[in-house]
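Observations on the three-dimensional arrangement
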Amino acid sequence: MPEITYREALKRALREEMQRDPTVVIWGEDVVAYAGGGAYGVTAGLAKEFPGRVRDTPIAEEAIVGVGLGAAMGGLRPVCEIMTVNFTLVAWDQIVNHVAKQSHMFNGQIKVPMVIRTPNGHGRTAATHSQNFDAWFASIPSLKVVAPATPYDAKGLLKTAIRDDDPVIFLEHLQLYSTRGEVPDEEYLIPIGEADYKRRGKDLSIITWGRMTIESLKAARILAEEGIDVEIVDLRTLRPLDVPTILESVRKTNRAIVVEEGWRTGGLGAEIAATIQEQAFNYLDAPVARVAGLEVPMPYARNLERATIPFAEDVVEAARAMMRNEY
Amino acid sequence: MDRESLISLYRQMLLIRVFEDRAAEMYAKAKIAGFLHLYNGQEAIAVGAVSALNPDDEIVVNYRDHGWALARGCSARAVMAELFGRATGTTGGRGGSMHLVDVSRHFWGGYAIVGGHLPLAVGLGVAAQYLGTGRVTLCSMGDGSTNIGTFHAAMNWAKLWNVPVIFVVENNQYAMGTAYEVHSAVPMLTKAAGYDMYAEEVDGMDVMAVREAVCRAAERARNGLGPSFLNMVTYRFRGHSMADPDVQRSKEEIAEWRKRDPITRFADEVLLKRGLVTQADLDAIRKSVEEEVEDAIQFADQSPEPPLESLYDYIYMQPVSNMQIGGSLIRPPKLGGRVAPNGKR
Amino acid sequence: MPTNITMPQMGFDMTEGTIAAWLKKEGDMVTRGEPIAEIETDKTTIQIEAFASGVLRKIIAQPGQRVPVGEVIAIIAEPGENLEESTPAPPAQAQGTSAPASQPPTAALNAPVIASGTVVEGADRIIATPVARRIAQEHGIDLRLVKGSGPEGRITKADVEAFLATMQKPTLAVSAPAPEPAPAPASVAPTPIVPPQPVPAPAPSGVPGAKQPLTRMRQTIAARMVASKQQVPHFYITVSVEMDAALALREQINAALKSEGVKVSINDMVIRAAALALRRFPNLNASFAGDGIQQHSSVNIGVAVSVPDGLVTVTVRDADTKSLKQISQEMVALAARAREGKMLPSDYGGQTFTISNLGMYGVDNFLAIVNQPDAAILAVATAQPMPVVREGQIVIRTMMNMTLSGDHRVTDGAEAAQFLNEVKRLLENPWGLVL
C-alpha cells in the first residue's frame, strides 16, 4: 500500500467527499490563499479544484462555527476549520450552547451535519497555543468527537464524519500532520464509535488516542524487548466512547494504563479509569494508572515544554512500574 | 391589504396579548416554571414581519419568542403545552418557553444566549444563497444583543458575503434592566453604518410600518442586494421576565408608552377609522381569542408529561452502535440510567 | 364565581413570599391586570396583579405574613356575590424552606442515588486485587493462605495462580518451599519441563461408571506426581525397625505428660528421628537445583495429613531443634488446622524432607513419590508384632517397615542406606530422641 502523510490523507478525504456531495463546503481562516491553503496545508489546492466551495473567513471563530451551524441546518454539510484547538475557546458558546443542543433540545426537528476540524498540540508555541481540550469536548452530550492517530484512520474517519448527520469535532494534531502511514487508494470508511487494537498483547492494556497512540506504539516496541507484551487500544472516537472494547481488553490483560496528552485532572483518562473500575472491577490486578500531561500552562523553553508532555519513555516507565507491582 | 388580512393582523396581535396575560397567570399559579419572557407591547413586530415574509422564508429569534411562534402559525395549544412542559408542546416539553420551534413552518427556533443565534441566522442565509432557494432569513434580536461579539461577527460576515438576511432589532429600550443609553455607546443605526449595511428605523408599535419595512428588506435580499438592518423602536409592557420587579422603569414612562399600544392603535387608527369593523366585531374577536387561549390552557393542563423513555431520543440523529453514555448503556432512566451500573444489567 | 388570589410564583427559584402591603382594601373594585398587593421575596419586592376583575372581598394573608407559593391570600368576587361557606382558612405560616405548591412528579428522576454499601472490614483485611479475589473465589481458595507479592503484600492474580499451581490445598506432594530457607530458583519452580501426560483417572468415588470431573486438588496431585515421576529418578530402600523400646518410652512419656494433655505419637518420634538424622546427612536435606545441589540450612519436616477431601502436607519447622513434646503439640495443632481448612501461611510449604505415614491403615510397606523439591521421602508403615530372629531365637517383636524414596540425582543408595539406618538406630534406641 502506498504511504502518505496524515495531512495528505485528510486532504484526500475532503476531496473525495466534495466530489461525491456538492453540499460539502470548507470554511475557515486561511484555507484558500495563505501558504497555498491552510495554516497546516490540509486544504492546499482544494479551492482551485472546487471553485466557490472553499472560502476564507474572517478571524471570528464564533462566526465560523455559528455560520457553519446555520448552513448545516439549512442543507449544507460544512467542514469548518478552526486553525488550532486553542481558538475553539472563542467559539465555545456556539459549540456547547448551539451546535450540541439543536437535535435534542428541538426534539429531532433540527439536524446539524457539520464537521469542526481543529488540531491539538504543541510545537514551541507556549501556553496559549499548546493545549488539548479532548476531555472538554468529550464531556458534551450530543457531540461526536474523534481523534485519529494514523493517516489511515484520519482519512476514513473524516469521510465518515462529513457524511454523519450529527456535529463531529474532528481533533487532529500538529505533531501528526507530517507522519506517514499506509492508505489504500480504494475508498473506505471507518465507523465513528469504534476503537481499534493498534497492537495485541497480553500483559497490560494501554488505552489512548491521537498522538499518544504513536508514542505508545514506540513504547510497546521497547517494552517487548524487555518481555512486557502490551496491548494498545486506540480509541479513535472520544465520544461516544467504545466502552465494550476497552473492557474487552482489560478483562483479558487485567491491567490498564490510560495515556493522554492533556491535563490529568478531569481528563478523559479519569473517565476511562472510572468506567473500568465500575464495569471491570473484578478483572483488575492493579489500580488503573494514568500517564498525562503535567498541569502547568505550557512553557516556551524547549526543555520545559518537553518535560510537560508525555512521551514514549513515560509510557515505558509506567508499564514497567505496573509490571513490577509498584502501582 | 384587504379587510380580512387586516383583521387577521389584529386578531394575531390580540391573540399574542391575551396568550401572554394568561401565561403570566399560569406562571403565578406555578403551572409554568423557569423563565418566562412575555411579548406584551411588541406584538406588532412579530405579526407585521411575518406577514411580509413567504411561508418558506427562514425565521430565527431570541428567547422572547411566544409572539413569533404564534404569528408564524404555531397553535396556541402547542405553545401553551410547551410552556407547561408537556409532550404535546412544540418540542415535546424539552425546550420550554425560550426554545419554541417549528421547522415545518421554517421557524428555526428561539435562542436563549444573547446574540448566540446571529451567526446561525447568517448561516441559514448562506445555505439559501448557496443552494439558490431564494429564501430570505429574518433574524430578530433585542437591543441588548447589539454589543456582543457575535453581533459584530455576524454583521461583518453578512455584509462580506452579501447574505440574504434581515436583522430586526426589537429595540424595547432595555437590555434586561439596563437602559439603552447605559449599555450602548452609539445610536443603533450607527452600528449598521459601521458595516455599510442598508438600515431603517421603524416604528415597532405600528404593525403596518413593520410590515412595509420588512417587505422592502426582503425585496432587497431577493434581488441580491444583501443584508438589511431594521431598528424597530418598541417597548415591553411587562418586566424582562416574570421574576422582574420592574422597578428601574418609571411608572410615567410605562404609561407614556402604553398610549402607543400597537393593538388599540391599530384598531382605532386603521380598523375602526376606515370603517372596516365595528366595536361589536372587535368584541367578538376578543371573545374568540379568549376562548382559544382558554382552550390552549385546558389542553396543556390535560396533556401528559413527556415519557421518561424518550429522554435519550435525538441525542444523536444518527445513533452509534453499542453506544454508552457516561459509561452506562443507553437505557430509560427509570431502569437506572443515572446510577452508574456495573455492566451487568 | 369567586376567584382565589394565591401567592404567586414570581421567578423560578421562588418558593414563598411575604405580603408587604395590600394596595387595595377589602371592598375595593379591582380590574384584571391591576396591581393589588406588594410581595416581598428573598430577592426583591414585586407588585402582583389581579388575574380577575371584581371586588376584593376578602384579604386572607395579612401584611408581614410569609406564605408558600400557591396558598390563597385573598378572594375576588363579583359585586354582590355571596362568598360560599367554604372560605379558605388563613394560610399556614411558611416554615423554613417549604416546597413549592406543585412539585413536578418526576420522582423517578429525583430519586436519590442508592448509597453504596461500604463493608467495613477490620484491620486484618486481606489486600488483594479484584481479579485475584475473583479467581480465588472461583477456586475456593482462602486468600489468607496466599502470600502477596505486591505493594503492602497485595495479592495479585499471579500470586493466586502460583498458589493454585503449587500449594492449593497442598497434597502430599503439593507444597513449595517458603522463601526461608531459600533454595535456588530452579528447585523452587515446580513447573514440569515435560508437559504432564494423561494419567489414569483416580478410582471414581461416585456413581459406578460415571466420569467424575477432576477437582482442582486432584488436578494438582496428578500434575505434580507425574512431574515428579518423570523428572526424579527414584530409588527405594526399605528397613525394618524394632519399635518395642520406642513404644515403651512413649508410654512413659505420655504418662508423665498426661496432665499437660500431651500425647506423643509414633509419628512424632519418626519426625524427631528423621530430623536428627538429617543433621548428620546434610546431603539428604537438600534439593536438586539443575546446576548444583542446594543444601538447606534448616531441617523442616513435611508431614502428610489426611483431610476430608484429600491430603495436605504440613511443615514442622526446625524439627531438629524441637523436643518430642514440642513436635507433638505442634503436630496436633497443625493437623487440626489442616482438617478444618484454616491453615496459616506458616503451616505449610518450605519443607526440606517429607514423611508419609500410613501406619494407621495396617500396611506392611509402601513406596512414596518424592515430594519435589525434596531429595527424599520416607514412607512409614504399620508397627505390628512380627516373628523375628534375635540371638538365634525366633521371638515376637513389634516391627515397623520404613521405605525411603530417594532422588538419584542428589543422593545414592549407600548414602541413603546409611541415613535410613541412622533413623532406625534412633528409633530403636529412643533415649537419643529425648536427650
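Given the structure is predicted, the values throughout are model-derived calculations rather than measurements.

A separate point is the nonpolar core. Within the largest apolar cluster, 299 residues are counted, with the highest numbers of intra-cluster contacts made by A:Ile257, B:Ile166, B:Leu230 and C:Ala274. For this core, the element with the most residues is helix H1 (residues 3-28) of chain B, which contributes 13 residues. Those residues in contact with B:Ile166 that lie beyond four places of it in its chain are B:Val136, B:Leu138, B:Cys139, B:Val214, B:Ala217, B:Ala218, B:Ala221, B:Ser228 and B:Leu230.

Moving on to the pairing of strand E4 (residues 165-171) of chain B. Residues and elements named next belong to chain B. The buried fraction of E4 is high, at 7 of 7 residues. Residue alternation in E4 divides its side chains into two sets, Val165, Phe167, Val169 and Asn171 and Ile166, Val168 and Glu170, and both sets are buried. The pairing of strand E3 (residues 137-142) with E4 spans 6 bridges and is classified as parallel. Residue pairing in the sheet places Ser140 in a bridge with Val168 of E4. Regarding topology, helix H6 (residues 149-160) serves as the crossover connection from E3 to the parallel E4, and that connection is right-handed. The pairing of E4 with strand E8 (residues 228-233) spans 6 bridges and is classified as parallel.

The subject of this paragraph is the domain arrangement of chain B. Once the domains are mapped, chain B shows domain 1 (3-306) and domain 2 (310-345). Relative placement of domain 1 of chain B and domain 2 of chain B: their C-alpha centres are 38 Å apart.

Here we come to the domain arrangement of chain C. With domains assigned, chain C is organised as domain 1 (3-94) and domain 2 (233-434). Relative placement of domain 1 of chain C and domain 2 of chain C: their C-alpha centres are 100 Å apart.

Right, let's get into the confidence of the model for chain C. Residues and elements named next belong to chain C. Looking at chain C, pLDDT values average 80 and 79% of them are 70 or higher. Put simply, helix H4 (residues 185-188) is where chain C has its lowest mean pLDDT, 34, and strand E15 (residues 376-380) is where it has its highest, 96. A low-confidence stretch, residues 95-123 stays under pLDDT 50, and its non-local contacts, those more than four residues away or across chains, total 21 contacts. Throughout residues 168-206 the model reports pLDDT below 50, and contacts reaching past four residues in sequence, or to other chains, amount to 97 contacts. If you check the scores for this complex, the pTM reads 0.71 and the ipTM reads 0.94.

Turning to helix H8 (residues 211-225) of chain A, a few remarks are in order. Residues and elements named next belong to chain A. For H8, with 15 residues, the first-to-last C-alpha span of 22 Å sits near the 21 Å given by 1.5 Å per residue. Arg211, Met212, Thr213, Ile214, Glu215, Ser216, Leu217, Ala219, Ala220 and Leu223 are the residues of H8 that are buried. On the buried face of H8, the contacting elements are strand E7 (168-173), strand E9 (196-199), strand E10 (204-208), strand E11 (230-234), strand E13 (256-263) and helix H12 (312-323). Looking one or two residues beyond H8, the residue adopting positive phi is Gly227, at roughly 85°.

Before going further, it helps to examine the sheet that holds E7(A). Residue and element names in this part refer to chain A. One open sheet holds the 7 strands; their spatial order is E3-E2-E4-E5-E7-E6-E12, and the pairing between them is mixed. Both outer strands of the open sheet, strand E3 (54-56) and strand E12 (237-239), are each paired with one neighbouring strand and no more. For this sheet, the mean inter-axis angle between neighbouring strands, taken without regard to orientation, is 20°. Of the pairings in the sheet, the one linking strand E6 (residues 144-146) to E7 comprises 3 bridges and is parallel in character.

This next bit is on the environment of C:Lys258. Residue and element names in this part refer to chain C. On the secondary structure map, Lys258 appears in the loop between helix H6 (244-256) and helix H7 (266-280). Here Lys258 falls in the exposed class, since 10 other C-beta atoms lie within 10 Å of it. Distance in space between the C-alpha atoms of Lys258 and Asp320 is 24 Å, their sequence separation being 62 residues.

The rules behind these values
- Residues numbered from 1 in each chain as written.
- Chains lettered and ligands numbered in written order.
- Predicted model: local features only at pLDDT ≥ 70, side-chain atom pairs only at ≥ 80, totals over all residues.
- Core = buried A, V, L, I, M, F, W, Y, C linked by C-beta atoms within 7 Å.
- Buried ≥ 20, exposed ≤ 12 C-beta atoms within 10 Å, placed from the backbone.
- Helix = DSSP H or I, 4+ residues; strand = E, 2+ residues; numbered from the N terminus.
- Contact = placed C-beta atoms within 7 Å.
- Pairing = 2+ DSSP bridges.
- Right-handed = clockwise from strand over helix to strand, strands pointing away.
- Domains from an automatic or database assignment.
- pLDDT = per-residue confidence, 0-100.
- Expected span 1.5 Å × (residues − 1).
- Axes fitted to C-alpha atoms, helices over the stretch in contact; angles between N-to-C directions.

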